[in-house]
Amino acid sequence: MVRPAHRRPGQSRKAQTSLFVAYVIAVTGAVAGLLLAILSVADPVGFAALRVASHEVTAPVARGSRSIIGSISGIDDWVSAYVGAGSQNRRLRKELADTRRQLVATSALQEENRQLKVLLKLQETDKAAFANGYLLTSTSTSSKRIALLSIGRNLGVASGQPVRGADGLIGRVLSSGPSVSQVLLLTDIDNVVPIRRARDGLPALANGRGNGDLDIRTLNIANNPFKPGDILVTSGTGGLYPPNIPVAIVVRRTADGALARPLADPAQVDAVSVLRAYTPDNIEAQAAPAPAPAP
């Protein structure tokens, strides 16, 4: 069927209706605006009342939009605070780690200074001490307890010489090289040290257990007078170890003696002194008075 010539392409009743409605709305809006302009000039009070009434109508919408905007702003502030707290937390953690490292370093330095001061005082008052060094490494899990000393034959260190720290006996030199030495620690199972109880001179023997502790056995098997807290020192019996060097403290009694813990822990000791072996020649040299200065 041929389309009528008077109808334009693309036109329909629905499109025409929509266009008519748009025209009506536009004209109505223009007329309403014109009337409001005339009313604002002719009756300002009435126009103000009308404007207030319109504000009352739109107020709930404004409140809702303000609440939504405030919520969005609050979320933004919360996210910003969260991000800021995260960065602040990281900064505080870093500062805490730095402070902890400084504290550890300071504590270690203070302990090393204490040990050096004690060793210096010992060297000034004890003629048996002739060289100072550092424990570089020490075995802590093997049954053979050996430490590496930072000095050797270059300073006169030789096998059999006692080694002590600021708090007590460490062991004896096992072998010496040109610049380093091996020290057989007090807690080694092959190390036996003649000792006595400090408060009354009760003689006994200290034998390493290989696990960091000492077995204490009295010379009188029938008598076991040891008590927890007893301090044990070297007796000087048999030579090698000079007398009165602190050795250990009794932890508990056992069936045939006591269990003791060394006063000087090689794992925590840095500075040590090497002593001359306690031999008859050294005993006489230490007991002899110093020669008077020549006039």
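Above this text sits the structure in question.
So, here is what we can say about the structure in this document. A quick note: this is a predicted structure, and the numbers were derived from the prediction, not measured.

Re the sheet that holds strand 4 (residues 169–176)
- Spatially, the 6 strands close up into a barrel ordered 1-2-5-4-3-12, and their pairing is antiparallel. In this sheet, neighbouring strand axes are inclined to one another by 45 degrees on average, regardless of whether the strands run parallel or antiparallel.
- Alignment of strand 3 (residues 162–165) against strand 4, held across 3 bridges, turns out to be antiparallel. Residue pairing across strands places Arg 164 opposite Leu 169, the latter belonging to strand 4.

Regarding unusual backbone geometry
- Residue Leu 240 is not a glycine yet carries a positive backbone phi of 70 degrees.
- Note on Leu 240: relative accessible area 26%, which makes it partly exposed.
- Within the chain, Asn 244 stands out as a residue other than glycine whose phi angle is a positive 70 degrees.

Section: the pairing of strand 12 (residues 271–275)
- Where burial is concerned, most of strand 12 is hidden: 5 out of the 5 residues are buried.
- Neither face of strand 12 is exposed, since Ala 271, Ser 273 and Leu 275 on one face and Val 272 and Val 274 on the opposite face are all buried.
- Both strand 1 (residues 129–138) and strand 12 contribute to a ladder of 5 bridges, which runs antiparallel. Pairing of Ala 129 across the sheet is with Leu 275, part of strand 12.
- With 3 bridges joining them, strand 3 and strand 12 adopt antiparallel strand pairing. When the sheet's bridge partners are listed, Val 163 is paired in strand 12 with Val 274.

Digging into the side chain of Asn 191
- Within the secondary structure, Asn 191 is located in the loop between strand 5 (181–185) and strand 6 (192–197).
- Setting aside chain neighbours within four positions, we find Asn 191 in contact with Gly 171, Arg 172, Leu 184, Leu 185, Leu 186, Ala 206, Asn 207, Gly 208 and Tyr 241.

Focus on the side chain of Asp 215
- Along the chain, Asp 215 turns up in strand 8 (residues 214–218).
- Among the polar contacts listed, one links the side chain of Asp 215 to the side chain of Arg 209, at a separation of 2.8 Å.

Considering the nonpolar core
- Grouped together as the largest cluster of nonpolar side chains are 20 residues, with contacts concentrated most on Leu 169, Ile 195, Leu 214, Ile 216, Phe 226, Leu 232 and Val 247.
- Mapped onto this core, the elements with two or more residues apiece are strand 6, strand 7 (203–208), strand 8, strand 10 (246–254) and strand 11 (257–262).
- In terms of residues, this core owes the most to one element, strand 10, which gives 3 residues.
- The residues contacting Leu 214, other than those within four sequence positions of it, are Leu 186, Thr 187, Ala 206, Asn 207, Gly 208, Arg 209, Val 247, Ala 248, Ala 258, Leu 259, Ala 260 and Pro 262.
- Of all hydrophobic cores here, the second largest spans 15 residues; its members include Val 173, Val 183, Val 269 and Val 274.

How each quantity is defined
- Residues numbered from 1 in each chain as written.
- Predicted model: local features only at pLDDT ≥ 70, side-chain atom pairs only at ≥ 80, totals over all residues.
- Heavy atoms only, no water.
- Pairing = 2+ DSSP bridges.
- Helix = DSSP H or I, 4+ residues; strand = E, 2+ residues; numbered from the N terminus.
- Axes fitted to C-alpha atoms, helices over the stretch in contact; angles between N-to-C directions.
- Buried < 20%, exposed > 50% of the residue type's maximum accessible area, 1.4 Å probe, protein only.
- Contact = heavy atoms within 4.5 Å.
- Polar contact = N/O pair within 3.5 Å; in protein donor to acceptor, adjacent residues only side chain to side chain.
- Core = buried A, V, L, I, M, F, W, Y, C linked by side-chain atoms within 4.5 Å.

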